[in-house]
There are 2 protein chains.
Amino acid sequence: MTKNFNFTEKLRETGLRPTKQRVKICEVLFNREKTFHFTINDLAKKISEDLNEKFSLATVYNTVHAFKDKGYLKEIAINSDKSYFDTNTSSHHHFYDEDTHELIDCNKDDLDTINIKKNITGKKINSVEVLIRVASDNQNQN
Amino acid sequence: MTKNFNFTEKLRETGLRPTKQRVKICEVLFNREKTFHFTINDLAKKISEDLNEKFSLATVYNTVHAFKDKGYLKEIAINSDKSYFDTNTSSHHHFYDEDTHELIDCNKDDLDTINIKKNITGKKINSVEVLIRVASDNQNQN
DNA sequence: TCATAGATTATAATTATTCTAAACTGTTGA
DNA sequence: TCAACAGTTTAGAATAATTATAATCTATGA
Ligand SMILES: [Mn+2]
Ligand SMILES: [Mn+2]
Ligand SMILES: [Zn+2]
Ligand SMILES: [Zn+2]
């Protein structure tokens, strides 16, 4: 998904019918400078705020999963409470702030490229992801 | 948690009352050569099989969380379906087999040590974990 | 325009997990 | 030794995220 307009065509090209709901959700997700991370509830809230209308929660789930399957979104595993999604679909790593429950992309210079030297035989690697859990350093709180 | 006997003392030392349930769960978890990964349901099943008795599911949850808080267990984030726990509490990385839903420890020589060069300011790093998702290579299935 | 496959929706169902409150038990100190 | 009490276990209810259902709606190609 690239930035700005004509989501209708983009959707059709990937075999998804450009329904009103999908186009609107595309706008909410992809019509912006920076990529971001969200939960289903974040997105549902953002939809009703930004668009001033409310899609069925089932539609939000359906759409997010469809977009994930088509590669517009990535799912990030943080914990078993809820799923996080990422509009940045490039291979990258994350900081997870355990105080604010916020996901932050690592930059290329935050850590070296991960090199898997030995893999399980007969398996191919689908993804390699680093999760760096951080929290406020209460050692020196004065 | 070290291998073999006297879990009663171990539990007491860390401030946990050595109840029958906790000692038994210690035996199931730690009285073995190799560390392993499990879900709550795996463990509940293993308890009723190995010990031929059934602890309340709430007790299994309580105990696993208590053990995690005391550092006997680690929780591994794989997806939002359920939590995985690990009796290997050392810092290490994982392969996740998306076919079998099996977690496999990486060896030290499977990948280089991860070096975080830049961290979020004001935060301390609690953990750095790599998850390598693998699946059967259906390219050459003949 | 029409038929139809595909989507949306409200709502119910499912599943993992946590909460509740009553009964039970390990520990401590008289 | 034993009563008292805090901590623990338990069944079952509650919660929360997610998925399933089935009726209604809509995009699309003929
Ligand atoms: Mn959790
Ligand atoms: Mn999922
Ligand atoms: Zn990201
Ligand atoms: Zn492990």
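Because the structure is predicted, anything quoted here is derived from the model rather than measured.

K.L.:
With reference to specific residues and values, describe the nonpolar core.
P.N.:
Ranked by internal contacts, the top residues of the largest apolar core, which has 23 residues, are Leu 29, Phe 30, Phe 38, Leu 43, Val 64, Phe 67 and Leu 73 of chain A. By residue number, the principal contributor to this core is helix H2 (residues 20–30) of chain A, which donates six residues. Among all residues touching Leu 73 of chain A, those that are not within four sequence positions of it are Leu 29, Phe 30, Phe 38, Val 64, Phe 67, Lys 68, Asp 86, Thr 87 and Thr 89 of chain A. With 22 residues, the next largest nonpolar core counts Val 23, Ile 25, Leu 29 and Phe 30 of chain B among its residues.

K.L.:
Residue-level account of the packing of aromatic side chains, with values.
P.N.:
All names here are of chain A. The tally for this structure, following the rule as stated, stands at 14 aromatic pairs over all chains. Taking the centre distance of 6.2 Å and the plane angle of 40° together, the rings of Phe 30 and Phe 67 count as tilted. Residue Phe 30 is located in helix H2, and its partner Phe 67 is located in helix H4 (residues 57–69); the two are separated by 37 residues in the primary sequence. In this structure Phe 30 comes out as buried when scored by relative accessible area, which is 6%. Take Phe 67: its relative accessible area is 0%, and that puts it in the buried class.

K.L.:
Give me the lowdown on the protein's contact with DNA strand D, citing residues and values where you can.
P.N.:
Close to DNA strand D lie 20 residues; Arg 12 and His 65 of chain A together with Thr 19, Arg 22 and Thr 59 of chain B are nearest. The protein-proximal atoms of DNA strand D, defined as those within 4 Å of the protein, are 74% sugar or phosphate. Between a sugar or linking oxygen of DNA strand D and a side-chain N or O atom of Arg 17 of chain B, the distance comes to 3.3 Å. The side chain of Thr 19 of chain B places a nitrogen or oxygen atom 2.5 Å from a phosphate oxygen of DNA strand D. Elements with a minimum of two residues in the surface near DNA strand D: H4 of chain A together with helix H2 (20–30) and helix H4 (57–69) of chain B. Residue composition of the surface near DNA strand D, grouped by class: six nonpolar, eight polar and six charged.

Here is what the cut-offs are and how they apply
- Residues numbered from 1 in each chain as written.
- Chains lettered and ligands numbered in written order.
- Predicted model: local features only at pLDDT ≥ 70, side-chain atom pairs only at ≥ 80, totals over all residues.
- Heavy atoms only, no water.
- Core = buried A, V, L, I, M, F, W, Y, C linked by side-chain atoms within 4.5 Å.
- Buried < 20%, exposed > 50% of the residue type's maximum accessible area, 1.4 Å probe, protein only.
- Helix = DSSP H or I, 4+ residues; strand = E, 2+ residues; numbered from the N terminus.
- Contact = heavy atoms within 4.5 Å.
- Phe/Tyr/Trp six-rings, centres within 6.5 Å; stacked < 30°, edge-to-face > 60°.
- Near = heavy atom within 4 Å.
- Polar contact = N/O pair within 3.5 Å; in protein donor to acceptor, adjacent residues only side chain to side chain.
- Nonpolar A, V, L, I, M, F, W, Y, C, P; charged D, E, K, R; others polar.

Purely geometric stuff here, so don't read any function into it on its own.
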